[in-house]
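# Chains, contacts and geometry: an overview
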Amino acid sequence: MKPDLFQAPDYYNLDDLLTDEHKLVRDAARAWVKREVSPIIEEYAQKAEFPKQIIKGLGEIGGFGPYIPEEYGGAGLDQISYGLIMQEIERGDSGVRSTSSVQSSLVMYPIWKYGNEEQRQKYLPKLATGEFMGCFGLTEPNYGSDPGSMITNFKDKGDHYLLNGAKMWISNAPFADIAVVWAKNEAGRIHGLIVERGMEGFTTPETHNKWSLRASSTGELIFDNVKVPKENLLPNKSGLGAPLGCLDSARYGIAWGAIGAAMDCYDTALRYAKERIQFDKPIAGTQLQQKKLAEMITEITKAQLLTWRLGVLRNEGRATTAQISMAKRNNVDMAIHIARKARQMLGGMGITGEYSIMRHMMNLESVITYEGTHDIHLLITGMDITGIPAFK
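In the nomenclature of an unreviewed UniProt entry, the protein chain is known as glutaryl-CoA dehydrogenase (ETF) of Flavobacterium restrictum. Recorded in UniProt under Cofactor (unreviewed entry), the annotation for the protein chain is "FAD".

Written out as structure tokens, the structure reads:
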């Protein structure tokens, strides 16, 4: 078991832009990742299993809904703190960050923003500690980038709703206690429903044989005439804008998280390049390797500045969906290119579990696809700057 020697790059002294609270929150998450995630994550990725024993710790470092008000069990932190926590968790593993950000932005966020007071009091405190785990049902087998065409639906049966349909590629599904599910009513309007494990007709088969996010639990949500109590409908927002609002929060967290994965690949490559001797000197002393390292730190620094500014805008309530899309797309693309360069620098060692790079690279292939694909985010930016939608 190799020690976690990670040192975070801060080429432009961005720490000067952070408050003491931001740094305290980040450093606590960083120390927890070094202690609890790094020593076990390669083993769990190799056996394609999520390490459930870390759930309690994720709750303790604010990994679940850190911006949720304290009255509902959250930490009441700002958006930059949330981003920094996601950065540190994804530095450990994208799959662990997926578990955290789904719980935060796709389960707790809609209950907080779209739910009523009874729903907030019932679910949020237990979700904040990890006593309850949740998942988010939007993507369907035939509808990913076009969620508005979903087939999953519910009918009003008087004293309950009857839910039918299926969702696919759902993080946390196999062990989730609740699912925030998006479905159409009889008028075709999209609403959110809280579906609880144990409801008859609700099953969550696990997705196997993944080459990516192997330490994350992924599955399906199957609804076969599930009776959902009427009090489980999220009452305060409907339409496609409701789930997309959740995705704004999640994509914002991903923009920060991807930086963590990139920083880990860069730090690993830099340390290896200083230690690896070829032709009587460290490979860090060659022009080709210095070019790779210089490009990596430049791109990481640009992404750090982008997300910090986006965090300020989020705190002020001024960040737009298109701005969040730009950051998610740019930063994940940046991270995946850095992972590939770093892998090349390590040569054959780069494909082994001795180092984190290949695991990050495989994980990022999912991150670049989920919660808005690389190309869809381009079209969101394109529509924003031209005023003309080009999705079809």
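On to the environment of P174, then. Assignment of secondary structure puts P174 in the loop between β3 (160-171) and β4 (178-184). It is 14 Å that separates the C-alpha atoms of P174 and F223, two residues lying 49 residues apart in sequence. In contact with P174, other than residues within four places in its own chain, are R197, T204, E206, S217, T218 and G219.

One non-glycine residue, W169, adopts positive backbone phi at about 60°. Tracing the sequence through the fold places W169 in strand β3.

Let us look at the domain arrangement of the protein chain. The domain boundaries assigned to the protein chain delineate domain 1 (14-133), domain 2 (135-238) and domain 3 (241-386). For domain 1 and domain 2, the distance between their C-alpha centres works out to 23 Å. Tallying the contact residues gives 34 residues for domain 1 and 24 residues for domain 2. In total, domain 1 and domain 2 occlude about 2200 Å² of area from one another, counting both sides; carbon and sulfur atoms represent 63% of this.

Glancing now at a nonpolar patch on the surface. On the surface, Y11, Y12, L17 and L305 cluster together into a nonpolar patch covering about 450 Å² of accessible area. In this structure, Y11 sits in the segment before α1 (20-46). Of the residues examined, Y11 reaches a relative accessible area of 62% and is grouped as exposed.

Moving on, we get to the pattern of salt bridges. Per the counting criterion, the structure on display carries 22 salt bridges. The closest approach of N and O atoms between E42 and R359, which form a salt bridge, is 2.9 Å. Linking E42 in helix α1 with R359 in helix α9 (residues 357-367), this pair joins segments that are 317 residues apart in sequence. A residue is classified by how much of its surface remains accessible, and R359, at 7% relative accessible area, is buried. E196 is paired through a salt bridge with K122; the nearest N and O atoms lie 3.3 Å apart. One end of the pair, E196, is in strand β5 (residues 190-196); the other, K122, is in helix α5 (residues 117-129), and 74 residues separate them in sequence. When salt bridges that share partners are traced, they join D4, R91 and D264 into one network.

For the rest of this paragraph, the subject is the UniProt feature "domain: Acyl-CoA dehydrogenase/oxidase N-terminal" (unreviewed entry) in the protein chain. Look at the UniProt record and you will see "domain: Acyl-CoA dehydrogenase/oxidase N-terminal" (unreviewed entry) annotated at residues 19-131. End C-alpha atoms of residues 19-131 are separated by 30 Å, and the span's content is 72% helix alongside 0% strand.

At a minimum axis distance of 10 Å, the contact between helix α7 (residues 287-315) and helix α8 (residues 321-345) shows a crossing angle of 160°. The pairing of α7 with α8 is recorded here as roughly antiparallel in orientation. Considering the relative orientation of α7 and α8, their crossing is left-handed. For the contact of α7 with α8, the class distribution of residues is 13 nonpolar, six polar and five charged.

Definitions and limits used
Residues numbered from 1 in each chain as written. Predicted model: local features only at pLDDT ≥ 70, side-chain atom pairs only at ≥ 80, totals over all residues. Heavy atoms only, no water. UniProt positions renumbered as here; feature names shortened; annotations may be inferred. Helix = DSSP H or I, 4+ residues; strand = E, 2+ residues; numbered from the N terminus. Contact = heavy atoms within 4.5 Å. Domains from an automatic or database assignment. Buried area = accessible area lost by both parts, 1.4 Å probe. Patch = residues over 30% accessible without salt bridge, like charges linked within 9 Å, V, L, I, M, F, W, Y side chains within 5 Å. Areas by Shrake-Rupley, 256 points an atom, 1.4 Å probe, with all protein chains shown as cover. Salt bridge = Lys/Arg side-chain N within 4 Å of Asp/Glu carboxyl O. Buried < 20%, exposed > 50% of the residue type's maximum accessible area, 1.4 Å probe, protein only. Axes fitted to C-alpha atoms, helices over the stretch in contact; angles between N-to-C directions. Parallel < 35°, antiparallel > 145°, perpendicular 65-115°, else oblique. Left-handed = near helix turned anticlockwise from the far one by under 90°. Nonpolar A, V, L, I, M, F, W, Y, C, P; charged D, E, K, R; others polar.

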